[in-house]
Every structure is written in C-alpha cells, then in structure tokens.
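# Observations on the model geometry
Listed here are the chains, written in short residue letters.
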Amino acid sequence: MGIISVTRENFDQLTRGDKPLLLEFQAPWCTYCRRLQGAVEEIAQQYEGQLVVGAMNIDDEEALSDSLGIELVPTLMLFQNGQVLSHVVNPPSKAAIESFLNQELPAPQQEDEHLYDMVVIGGGPAGYTAALYGARAGLDTLVLEKLSAGGQMAQTTQIDNYPGFEEGVDGFTLGMKLQAGAQRFGAQTLIAEVQSVQLDAPVKVLHTSQGVIRSRTVVIATGADHRSLGLEGEEALTGRGVSYCAACDGMFFKGKRVAVVGGGNSAAADALTLTRLAKEVILIHRRDQLRATKVYHDPLQQADNLTFQWNSQVTQLLEQDGRLHGVTLRDVYTGEERTLEVDGLFVSIGRAPATQLFQGQVPMDKGGYLIADETTRTALPGVYAAGDVRTKPLRQIVTAVADGAAAVQAAEEYLMTQS
Ligand SMILES: Cc1cc2nc3c(=O)[nH]c(=O)nc-3n(C[C@H](O)[C@H](O)[C@H](O)COP(=O)(O)OP(=O)(O)OC[C@H]3O[C@@H](n4cnc5c(N)ncnc54)[C@H](O)[C@@H]3O)c2cc1C
C-alpha cells in the first residue's frame, strides 16, 4: 500500500480505521526526515496488512500538528480507534521504529541462511563504496544499514569538497547515488541494525534486528555519531529542547533564545546557522577562544544576535513541564555556577566512533576507533574497518570512499586464501 499522504481531510477517517495508523510528521526542510524515509517505506511493506503508514507535512497542516503537540520532526505517532497509543521522536534507526511498534504489535521476523561473500555494516560513503567494488568484483555482497544510505553526510545539504561536483552536492542525494551505483552491480541492502557480532571464525555471524546474517568477510563501516554531554535528563530532553543538529532542528527555534555548546568547526557552523533563525544565540565554550578554523571567526564576531560564554561548562539541564528551559553553567576557573535560561540547547562537541558493538572482538585505540591501517585490515582475518570508524588522520568523505575500495582489495586477497 505504501505511504499515504495524511491531511486534515482524511485524518479522522484514518485514525479511526480498523487498522492502527503509524503517522510520520515531517517537513520538506527536515534533512533527518529524508534519511528516515527509506526505513518508513520498509516498515510499510513489512507490516502490510497489520498497519497503515501515513505521512503529514507539518508546514501544510500546522494547526493540526500543533494540536497534537508536535514539537520536532520527524515524530512518529501510532493511532488506534482515534486515540494516540504512543509516539517516538527522531528514531535513530529502523530497529528503533520496530521496537516502538512491537510494544503494541507482534513483530514480523526474517531468517537468512545464505552465506554472503561480503557483508558491509553501514551504508555511508565507505560502506557503499565497498559494496560497489565488492559487487563489481563478483562478490555476493549485502549492505546492512540501520537507517538509510548516506551516513553522516546525509545531514548536510551542501558538500563542496567532494570532487566531481562543481556546484557542490546535497549529502542525501550523494548517498542515494552511491547506493544506486552499488546496486547497479548487484549489491543488496537490508535495512537492519546489527546488534551483536561473532567475527573470529571463518563464517562471521551477525545478529540483526531482522534476523541472523552469515558472511565470509565483513567490512565494518559504521562511522561515527554525535557525542552527548552525559548529563542527567539529556536523553529525555532530546527533542524537547536538546538537539544535536542545528541544520535539522534549528527551524523549531525561530525567534527563540538558544545556546550552542562547543568550540570546534561544527559548533561554529551551528551557531552561525542559528543566528539566522533564533532571536538570540549564546555560544558556550570551556576555553577562552574557539578551536574552529579562522574562516568562522569574523562571521561569528559580526553576528549581532550572538554572544559568547567563555570558560564555561554546562553542568545541569533544567527542565520544566518535560521541556528544557535552561542550563546551569560553571566557570572552569572559579567554579562559580549560574543559570542561563534558554529554549534550546544545541550540543556540538564532536563525534564518537560507532564501535561499541565490536568491543572485546576488534582491537581499538583509546578513542574507541578500530585499529587498522590504510589496507583497512583489522587484527581479525576477513574483517576490515573502513571510513570514520578506523584510526586515521582525516575523517572525510574522500577518505571514507578510499577505504571502501581498499577494504575490498584486502577482502578479495583473503577470500583467495580461503577457497
Ligand atoms: C553535518 C555533517 C556535515 C559534513 N560535511 C562534510 C563535508 O562537507 N565534506 C566531507 O568530506 N565530510 C563531511 N562530513 C564528514 C563525513 O560525512 C564523514 O567523514 C563520512 O560520512 C564518513 O563516512 P563513513 O561511511 O565512514 O561513515 P558514516 O557516514 O558515519 O556512515 C555510517 C553508517 O553506518 C550506519 N550504522 C552505524 N551503526 C550501525 C549498525 N549497528 N547497524 C547498521 N548500520 C549501522 C549508520 O546509520 C550510517 O549510515 C560531515 C559530517 C557531518 C555530520
């Protein structure tokens, strides 16, 4: 049946229908909504007959989405008999949508007895380049991606430093192109989250949200994720005032007072984005100057709605009625604490490798990056680490795609020794 467009005209009929309705509130400007699209489409197929899946554009249906308390997109709401059963904001993976649904509906499961030549974990630039090279070399190749193609770059609408695009390119579009290029040679994609792995035997076993997958080689291309502050209540307030992506959520803070935490390039870029939307932006940094490159300094100094809180650390998130309403700041030298009232807090303190899954199996450095050189070989035979997950000096799209290609060369050499 696919995804139905839901408007105020058909809303009542669909929410009161005999099947539950999973309704995604989205907006054309929401970059994360685009990333979630593939996962929601797969959910619609997977749960066909059990569930109706719809999407509502909140810009077209402002009054209705406001009346339902939508404060952030994407929000997924499950309705039955005219009632809201539950909702989830910004689900990080298809598996997260499934586990949200499975609290209310029985889960459909799949089992795959097939033995692949190569399974790639992660559908970012490293993963889809490995899939392209693998499939083109005749390897039976599967990509396991928890959300949608593109990885981190899918969050940005303008990439200017990936060669071959003289006008720059939208990150989501580039992700789709990388996926299509790999599919052209037969690489398959399964939208599934890898939840645990056994990588030390010749047949590698991956436990995923869609069942067990087996492969002769594995390319780990799980990339990186945003770092959180680690403060009490942070998870609960995410989507309720706390955000990790100004490009995605800045629109919700139009005319409001927001703070950005961090001092690197991403904090500087987020602060600049927000000066164009918010009434007031406060940049909080624990040092007395930014680490961000010089190119950001002048525009930040010139923004008349931006101020700095130097030598300050956020020590507490202040909540009222389930929303963030301020933070406690501590002066790193004097220890003095003060309250800063804000409607939103954007956390831009860098990224951490998505490698928890591999702890105790694949050797890592102190920062949690998988130890591999430019051949991408890890200490485990048949297991490769490509892109942002591995130890390397520069984490960019060009270096990620280079790793994807190198991983396949190493995997092919390994497979030749196995047959
Ligand atoms: C906002 C932003 C803007 C950027 N702009 C630029 C730029 O202009 N130029 C540039 O060169 N670089 C840019 N970068 C950096 C660039 O995006 C990364 O270096 C690059 O995406 C790394 O690619 P990757 O394939 O190694 O990992 P990622 O892109 O992180 O992809 C990893 C993928 O693995 C998936 N995954 C993770 N864990 C699992 C699991 N357990 N199961 C299944 N799937 C999983 C994730 O969903 C993700 O899709 C930007 C990054 C961000 C965040």
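Residues numbered from 1 in each chain as written. Predicted model: local features only at pLDDT ≥ 70, side-chain atom pairs only at ≥ 80, totals over all residues.

On to the environment of Thr75. The topology assignment puts Thr75 in strand 4 (residues 75–80). Residues Thr75 and Gly239 lie 164 residues apart in sequence; the distance between their C-alpha atoms is 9.4 Å. The contact partners of Thr75, leaving out residues within four places of it in the chain, are Phe25, Ile70, His87 and Val89. (Helix = DSSP H or I, 4+ residues; strand = E, 2+ residues; numbered from the N terminus. Contact = placed C-beta atoms within 7 Å.)

As a further point, take the site of the ligand. Residues in close proximity to the ligand total 33 residues, the closest being Gly122, Gly124, Gly151, Gly223 and Gly387. Contributing elements (two or more residues each) for the shell around the ligand: helix 5 (125–136), strand 7 (141–145) and helix 11 (397–418). Per-element tally for the shell around the ligand: the top contributor is helix 5, with 3 residues. A breakdown of the residues in the shell around the ligand according to their chemical character gives 15 nonpolar, 13 polar and 5 charged. (Near = placed C-beta within 6 Å. Nonpolar A, V, L, I, M, F, W, Y, C, P; charged D, E, K, R; others polar.)

This part is about the domain arrangement of the chain. Parsing the chain into structural domains produces domain 1 (3–101), domain 2 (115–224 + 351–418) and domain 3 (234–347). Measuring from the centre of the C-alpha atoms in domain 1 to the corresponding centre in domain 3 gives 30 Å. Taken together, the contact pairs 8 residues of domain 1 with 8 residues of domain 3. Its residues assigned to classes, the side of domain 1 that touches domain 3 comprises 5 nonpolar, 2 polar and 1 charged. (Domains from an automatic or database assignment.)

Glycine aside, residues mostly have negative phi angles, and peptide bonds mostly take the trans form. For the bond from Val73 to Pro74, the omega torsion is -5°, close enough to zero to count as cis. Along the polypeptide, Pro74 turns up in the loop between helix 3 (62–67) and strand 4. Notably, Asn81 is not glycine yet its phi reads approximately 50°, a positive angle. Relative to the helices and strands, Asn81 resides in the loop between strand 4 and strand 5 (83–89). Taking the number of C-beta atoms within 10 Å as the measure of exposure, Asn81 has 10 and is therefore exposed. (Buried ≥ 20, exposed ≤ 12 C-beta atoms within 10 Å, placed from the backbone.)

With that out of the way, let us pick up helix 9 (residues 265–275). Most of helix 9 is tucked away: 8 of the 11 residues are buried. Every buried residue of helix 9 is accounted for by Ser266, Ala267, Ala268, Ala269, Asp270, Ala271, Leu274 and Thr275. Turning to helix 9, the residues buried within the fold contact helix 8 (246–249), strand 14 (257–261), strand 15 (280–284), helix 10 (297–302), strand 16 (306–309) and strand 20 (344–347).

Among the 5 residues that make up strand 14, 4 are buried, leaving the element largely enclosed by the rest of the structure. Strand direction decides the pairing type here: strand 14 and strand 15, joined by 5 bridges, are parallel. Within the sheet, the bridge partner assigned to Arg257 lies in strand 15 and is Glu280. Traced from strand 14 through helix 9 to strand 15, the parallel crossover comes out right-handed. (Pairing = 2+ DSSP bridges. Right-handed = clockwise from strand over helix to strand, strands pointing away.)

This part covers the nonpolar core. Ranked by size, the top nonpolar core spans 115 residues in total, and within it Val119, Ala130, Val219, Ile220, Val260 and Tyr384 carry the most contacts. Here the element with the most residues in this core is helix 11; it accounts for 8 residues. Apart from residues lying up to four places away in sequence, Ala130 is in contact with Val120, Val219, Ala221, Ala386, Gly404, Ala407 and Val408. (Core = buried A, V, L, I, M, F, W, Y, C linked by C-beta atoms within 7 Å.)

Let us look at the pairing of strand 15. Most of strand 15 is tucked away, with 4 of its 5 residues classed as buried. Alignment of strand 15 against strand 16, held across 4 bridges, turns out to be parallel. Counted as the bridge partner of Val281 is Leu306 from strand 16. Read as a crossover between parallel neighbours, the route from strand 15 over helix 10 to strand 16 is right-handed.

Backbone hydrogen bonds hold the strands of a sheet together, and the pairing may be parallel or antiparallel. Spatially, 17-18-19 is the arrangement adopted by the 3 strands of the open sheet, whose pairing is antiparallel. Edge positions in the sheet fall to strand 17 (312–320) and strand 19 (337–341), since each of these pairs with one other strand and no more. Strand after strand, the sheet turns through a mean of 30° between neighbouring axes, direction not considered. Both strand 18 (residues 323–331) and strand 19 contribute to a ladder of 5 bridges, which runs antiparallel. (Axes fitted to C-alpha atoms, helices over the stretch in contact; angles between N-to-C directions.)

Taken together, 5 strands build an open sheet; the order of strands is 1-3-2-4-5 and the sheet is mixed. The strands lining the two open edges of the sheet, one partner per strand, are strand 1 (3–5) and strand 5. On average, each strand axis in the sheet is inclined to that of its neighbour by 25°, with strand direction left out of account. When strand 2 (residues 21–26) meets strand 3 (residues 52–57), the two strands line up parallel, connected through 6 bridges. Bridge pairing in strand 3 places Glu24 opposite Ala55.

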